There are 2 protein chains.
Amino acid sequence: MEVCRTIVELRQAIARRRAAGRVVLVPTMGALHRGHGTLIEEGRDLAGNDGVLVVSIFVNPTQFGEGEDFEDYPRDLERDGQMCDELGVDLIFAPQAKEMYAGDHSIRVRENSVSQHLCGESRPGHFSGVCTVVAKLFNIVQPDIAVFGKKDAQQLAIIRRMVRDLNFPVEIVGVETVREFDGLAMSSRNAYLDSDHREQAPLIREALATAEELFFKGETRASILIGVAEKIISQIDDSRIDYIKVVDADSFQPLERITDDALMAVAVFVGDTRLIDNVELPINECMDAAHVGSVVDELV
Amino acid sequence: MEVCRTIVELRQAIARRRAAGRVVLVPTMGALHRGHGTLIEEGRDLAGNDGVLVVSIFVNPTQFGEGEDFEDYPRDLERDGQMCDELGVDLIFAPQAKEMYAGDHSIRVRENSVSQHLCGESRPGHFSGVCTVVAKLFNIVQPDIAVFGKKDAQQLAIIRRMVRDLNFPVEIVGVETVREFDGLAMSSRNAYLDSDHREQAPLIREALATAEELFFKGETRASILIGVAEKIISQIDDSRIDYIKVVDADSFQPLERITDDALMAVAVFVGDTRLIDNVELPINECMDAAHVGSVVDELV
């Protein structure tokens, strides 16, 4: 495994190996956990023995807003490097911010539809920061395939949109969210939680799972699903719901009633820590909506 | 020569030829004239015998504003095709708008600094339309080199910025403006001019050349250079100056006094036709500014 700090170094390292097979990129902000591990394993599978697996580790300043946790975001390149090595990564790209952004950097890639909702509303500029850095990484690495986690469902949808609309010759692969033993979605930010909050945080997953169950039984009204989930999340001490929405799975437009594949997505501040999670609500798993009344009476 | 109408077709055609040598792209909106001819000849030289020369012909709707000439913009694919064939083009990419933009296209590439001035001020959204389509063309064609004209000096500077800031693996080559026998910069829009306006339009070039001469003789005050040029342009019947500015050659920030490489850029409505032109003012060609007073007295 080789660690590259500059763009030139990385491009040369990839060029030397490219002829052999496909190039696969797993973009991360480091502080790698088992969730990233799954992305990397998927990347290794996709690259095969002949391909090149690149993991980028870069805490991208342009996707953090004022007052967010850019400074505090956990960084541990040594540990990340060990994990990558164990998982068969070929190249780590770990640039400094000044390698990625000129002092007078002036280009932004913006998505103007999917990003209008959820995290896009709560974190202005976040997704244009994400699109900009991912466009840069795509041009730097020129991967055949890039792997992203489904925990950041909106990010994944926006990246897919960027690839389609700017014709990046990159295949995007989404990987299922990995969870702790108690259901909490893996996140580098879980490290911020104190022990009480850590203990209660799995209620976020429980809330989504309960809404999912209701949906499977035929409930398609967003207000009912959201009400049930809110009630469960509100049991977490010092919690504040940033958003909880049922949205169309493609456009991320909030829905009042589910008539096509949807997603319930939530962002919750637990103390000062903002956690996100989501659950897919595929329309073909929903029972006939005629049963709705009785199901709700029974469960709520 | 092969004409490709779809992205898939073009990518396959390039892939078949890529191994042989470098891929060179000349992006145009068609209605090709001798100015484009020079870009294409330069492209052929850069591609060499083994490389692939691609000319794109696409009147890009997203770079035209409300009330601009998108509908009327001249289109003549047959004539363009003949010219490309004669100049040794390998592939023409001439897509329909729906091949380039999905109905729910939602991604824009924006430049936020160089584009704040001149045409960026006069034509809101123009340069983000240009950046977006050029980013798409770069991803579709994946050229090693792309060739642009210096008549659109600000566009060239913005494309260079985009390539730098998004790390496109593309070398940008700028080609000198080609002029009619009487000095008028070649433009597809010259076809809009009636015969009186066509006769007077070279005064735009004369204005820039006079300012250039003054600058060479030591005049570095923008207001003086602009005043001289304005006076000449105002002789054109039915003309209205959209802008005339002396700007820094890199940042395009308007200058009061020239202390580094600069550019005088002008946009003039001649009747309803908007014409642009510019002249480089390289600081090392400027005589000692101490002579300013006498030069101005003599010439103004």
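Residues numbered from 1 in each chain as written. Chains lettered and ligands numbered in written order. Predicted model: local features only at pLDDT ≥ 70, side-chain atom pairs only at ≥ 80, totals over all residues. Heavy atoms only, no water.

For chain A, an unreviewed UniProt entry supplies the name Pantothenate synthetase and the organism Sulfuriroseicoccus oceanibius. Looking at chain A in UniProt, the text filed under Subunit (unreviewed entry) is "Homodimer." Recorded in UniProt for chain A, the comment headed Sequence similarities (unreviewed entry) runs: "Belongs to the pantothenate synthetase family." (UniProt positions renumbered as here; feature names shortened; annotations may be inferred.)

Caption draft 1: Here's a closer look at empty space enclosed by the protein. Residues and elements named next belong to chain A. Tallied over the full model, the rule gives 2 cavities of 30 Å³ or more. Considered as a void within the structure, the second largest cavity measures approximately 60 Å³ in volume. The wall of the second largest cavity is formed by K151, L184, A185, S187, N190, I204, L275, I276 and D277. Of the residues contributing to the lining of the second largest cavity, the split by class is 5 nonpolar, 2 polar and 2 charged. (1 Å grid on protein atoms, 1.4 Å probe; cavity = no way out; pocket = protein on both sides within 12 Å on 5 of 7 lines; lining within 4 Å. Points joined across faces, edges and corners; volume = space filled by probe spheres on them. Nonpolar A, V, L, I, M, F, W, Y, C, P; charged D, E, K, R; others polar.)

Caption draft 2: Just the side chain of A:S188, in detail. All names here are of chain A. You can see S188 is positioned in the loop between β7 (171–175) and α8 (195–200). Accessibility expressed as a relative area gives 7% for S188, which makes it buried. There is a polar contact of 3.1 Å between the side chain of S188 and the backbone oxygen of A31. (Helix = DSSP H or I, 4+ residues; strand = E, 2+ residues; numbered from the N terminus. Buried < 20%, exposed > 50% of the residue type's maximum accessible area, 1.4 Å probe, protein only. Polar contact = N/O pair within 3.5 Å; in protein donor to acceptor, adjacent residues only side chain to side chain.)

Caption draft 3: Region of the structure containing the relation of the copies chain A and chain B. Least-squares fitting of chain A to chain B yields an RMSD of 0.0 Å, with the superposition described by an axial translation of 0.0 Å and a rotation of 180°. When the rotation and shift are considered jointly, the pair of chain copies conforms to a two-fold rotation axis. Across chain A, the rotation axis passes nearest the C-alpha of A:V109, at a separation of 2.2 Å. The overlap is high: 100% of the interface residues of chain A also sit at the interface in chain B, so the same surface is used on both sides. (Least-squares fit on C-alpha atoms with pLDDT ≥ 70 in both. Contact = heavy atoms within 4.5 Å.)

Caption draft 4: Up close: a negative patch on the surface. Taken together, the side chains of A:D194, A:D196, A:E199, A:D237, A:D238 and A:D272 define an acidic patch exposed on the protein surface. Residue A:D238 is classed as exposed on the basis of its relative accessible area, which comes to 55%. (Patch = residues over 30% accessible without salt bridge, like charges linked within 9 Å, V, L, I, M, F, W, Y side chains within 5 Å. Areas by Shrake-Rupley, 256 points an atom, 1.4 Å probe, with all protein chains shown as cover. Salt bridge = Lys/Arg side-chain N within 4 Å of Asp/Glu carboxyl O. Lys, Arg positive; Asp, Glu negative; His and termini not counted. Charge placed at Lys NZ, Arg CZ, Asp CG, Glu CD.)

Caption draft 5: Highlighting the packing of aromatic side chains. A full pass over the atoms with the stated rule returns 10 aromatic pairs over all chains. Here B:F138 and B:F168 contribute two aromatic rings whose centre-to-centre distance is 5.4 Å and whose plane-to-plane angle is 75°, an arrangement assigned as edge-to-face. You can see B:F138 sitting in helix α6 (residues 126–141) and its partner B:F168 sitting in the loop between α7 (153–165) and β7 (171–175), a full 30 residues away along the chain. Judged by relative accessible area, B:F168 falls into the buried class, the value being 6%. Among the aromatic residues, those joined into a cluster by ring pairs are A:F64, A:F70 and A:Y73. For the cation-ring pair, A:R75 lies above A:F70, with the distance from its terminal atom to the ring centre recorded as 5.0 Å. In this arrangement the basic side chain of B:K136 is found over the ring face of B:Y101, its NZ or CZ atom lying 5.2 Å from the centre. (Phe/Tyr/Trp six-rings, centres within 6.5 Å; stacked < 30°, edge-to-face > 60°. Lys NZ or Arg CZ within 6 Å of the ring centre and 35° of its normal.)

Caption draft 6: Structural view of the interface of chain A and chain B. The interface is formed by 27 residues belonging to chain A together with 27 residues belonging to chain B. For the pair chain A and chain B, the summed buried area comes to about 2400 Å², and 47% of that belongs to carbon and sulfur atoms. Among the residues chain A hides against chain B, the three largest losses belong to A:S106, A:I107 and A:N167. Together they make up 25% of the total. Counting the contacts that link chain A with chain B gives 4 salt bridges. Summed over the shared surface of chain A and chain B, the result is 24 residue pairs in polar contact (both at pLDDT 80 or more). The set of elements that each furnish at least two residues to the side of chain A that touches chain B consists of α1 (7–18), β5 (107–111), α6 (126–141) and α7 (153–165) of chain A. (Buried area = accessible area lost by both parts, 1.4 Å probe.)

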